[in-house]
Amino acid sequence: MESGRNVGDGAVRLETKLKLLMKRPNELLARAGIKLESGLAVRDASMVGGRIEESGRLDDVVEQCHGSAGGEALNEPALRLLEAEILNRLSLPANRSGYSELHNGSLTLGRLCYAAVRALKPDIVIETGVARGVTSACVLGALRENGKGRLHSIDLPPLAEEAERLTGCAIPELLKDRWSLHRGTTRALLEDLLRQCGGRMRVFIHDSLHTHRNMYWEMMAAYKTLARPGMIIADDVELNRAFEEFVEETKPSRSGILQESGKEACCGYTLFEAR
Ligand SMILES: C[S@@+](CC[C@H](N)C(=O)[O-])C[C@H]1O[C@@H](n2cnc3c(N)ncnc32)[C@H](O)[C@@H]1O
């Protein structure tokens, strides 16, 4: 997705990072763990993604998964207006946020999430990885159209002065009443959150740390308590084999991979029908 002038994580000075870390020393271990896990994933050649077969166009995929409810959702004026608002918000400067264009979810991913939430009418959606909040905004927009439901998002923002303030800045204010943002790593927070949701989560979106270990672990944790029919969506599935292995292991009713617009990346979807 297009966005404005940002200063990426690499531009945040070490001194600033250390100062910010001192303010939240309890995050030190978690951040060190993420660095280590990312570093190890880069070195491990066996974790490189396998053969990716695309499933076709977004409209077709959404219709196959959700029937006419899905197709209609993609044509809703509310979605068009929301996308314009998101793009507008992303065009505002986000200096010292640590977020760059690379963090932004694509329109393809956002639409896939919007259609899933409109069609499945979940009481609870959980997503991991917020950044400036493209997927969050799309889910919240769909929940508003549904007139029910809550989004729980887990995110550990980058170490940058404006990161906390600008996390979720693409989300229109009027959508935030259905939103709970939980700060921390998914390792620390996801399982407790799933327990608290007591089997009412019907849509799960992975978009946090894209290592094989974390992606597979998050998707399996979500799968174990997913309400049926339910959907698990993951971004950047081309980076490793976690999504393919998850599909092999859980045998969803439908699954596939979509090439994202405006981004060299693919998102994966799995639909689990009623048992
Ligand atoms: C790719 S961005 C999310 C994009 C967002 N879904 C969107 O549509 O714009 C990833 C986000 O996850 C956060 N993150 C990275 N590793 C994490 C972890 N282990 N636990 C929680 N959040 C993490 C990053 O700081 C960043 O905010």
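Above this text you will find the structure in question.
What you see is a predicted model, and the numbers here were worked out from it, not measured in a lab. (Residues numbered from 1 in each chain as written. Predicted model: local features only at pLDDT ≥ 70, side-chain atom pairs only at ≥ 80, totals over all residues.)

> Honestly, the site of the ligand in this entry has me stumped. Any pointers?
Taken together, 22 residues sit near the ligand, with G105, G129, V134, T135 and L209 positioned nearest. Among the elements of the structure, α7 (134-146) and β4 (150-155) are those that each provide at least two residues to the shell around the ligand. (Near = placed C-beta within 6 Å. Helix = DSSP H or I, 4+ residues; strand = E, 2+ residues; numbered from the N terminus.)

> Explanation requested: the packing of helix α9 (residues 186-197) against helix α10 (residues 212-225) in the structure shown.
Any two packed helices are characterised by the angle at which their axes cross and by the distance between the axes. One can describe the packing of α9 onto α10 by two numbers: an axis separation of 10 Å at closest approach and a directional angle of 10°. It follows that α9 is roughly parallel to α10 by the angle criterion. The residues of α10 that touch α9, namely those facing T186, L190, E191, L194 and C197, are N214, E218, A221, A222 and T225. For the contact of α9 with α10, the residue count by class is 5 nonpolar, 3 polar and 2 charged. (Axes fitted to C-alpha atoms, helices over the stretch in contact; angles between N-to-C directions. Parallel < 35°, antiparallel > 145°, perpendicular 65-115°, else oblique. Contact = placed C-beta atoms within 7 Å. Nonpolar A, V, L, I, M, F, W, Y, C, P; charged D, E, K, R; others polar.)

> Just to check I follow, could you spell out the sheet that holds strand β7 (residues 230-234) for this structure?
Think of a sheet as strands paired side by side through backbone hydrogen bonds, with each pair either parallel or antiparallel. Pairing is mixed in the open sheet, where 7 strands are placed in the order β5-β4-β3-β6-β7-β9-β8. Across the chains shown, the open sheet's two edge strands, defined by having one partner strand only, are β5 (179-183) and β8 (254-259). With direction set aside, neighbouring strand axes in the sheet form an average angle of 15°. One ladder, built from 5 bridges, connects β7 with strand β9 (residues 266-272); its direction is antiparallel. Its bridge partner lying in β9, G230 is registered against F272. The strands that helix α3 (residues 58-66) touches are β8 and β9; relative to β8, the one it contacts most, it runs at about 165°. (Pairing = 2+ DSSP bridges.)

> Explain unusual backbone geometry to me, please; I cannot follow it from the model alone.
Following R228, the chain continues to P229 via a peptide bond in cis, the omega torsion being -10°. In this fold, P229 is placed in the loop between α10 and β7. One non-glycine residue, A131, adopts positive backbone phi at about 50°. Considering the arrangement of structural elements, one finds A131 in the loop between β3 (124-128) and α7. For A131, a count of 27 C-beta atoms within 10 Å corresponds to the buried category. (Buried ≥ 20, exposed ≤ 12 C-beta atoms within 10 Å, placed from the backbone.)

> Please explain the nonpolar core as it appears in this structure.
One broad rule of soluble globular proteins: the nonpolar side chains tend to lie buried together. Formed by 60 residues in total, the largest nonpolar core has its most connected members in L112, C113, A116, V117 and I233. By residue number, the principal contributor to this core is helix α6 (residues 107-120), which donates 9 residues. With near-sequence residues (within four places) excluded, V117 lies in contact with P122, V125, V139, A142, L143, N146 and V203. One finds Y99, V130, A131 and A160 within the second-largest nonpolar core, a separate group that totals 8 residues. (Core = buried A, V, L, I, M, F, W, Y, C linked by C-beta atoms within 7 Å.)

> How should I be thinking about the packing of α10 against helix α11 (residues 242-250) in this particular structure?
Interaxial distance between α10 and α11 falls to 9 Å at its minimum, and their mutual angle equals 30°. Relative to α11, the element α10 lies roughly parallel. Read as a crossing pair, α10 and α11 show a hand that is right-handed. Along its contact with α10, which presents H212, M215, Y216, M219, M220 and Y223, the element α11 presents A242, F243, E245, F246 and T250. Considering only residue class, the contact of α10 with α11 consists of 8 nonpolar, 2 polar and 1 charged. (Left-handed = near helix turned anticlockwise from the far one by under 90°.)

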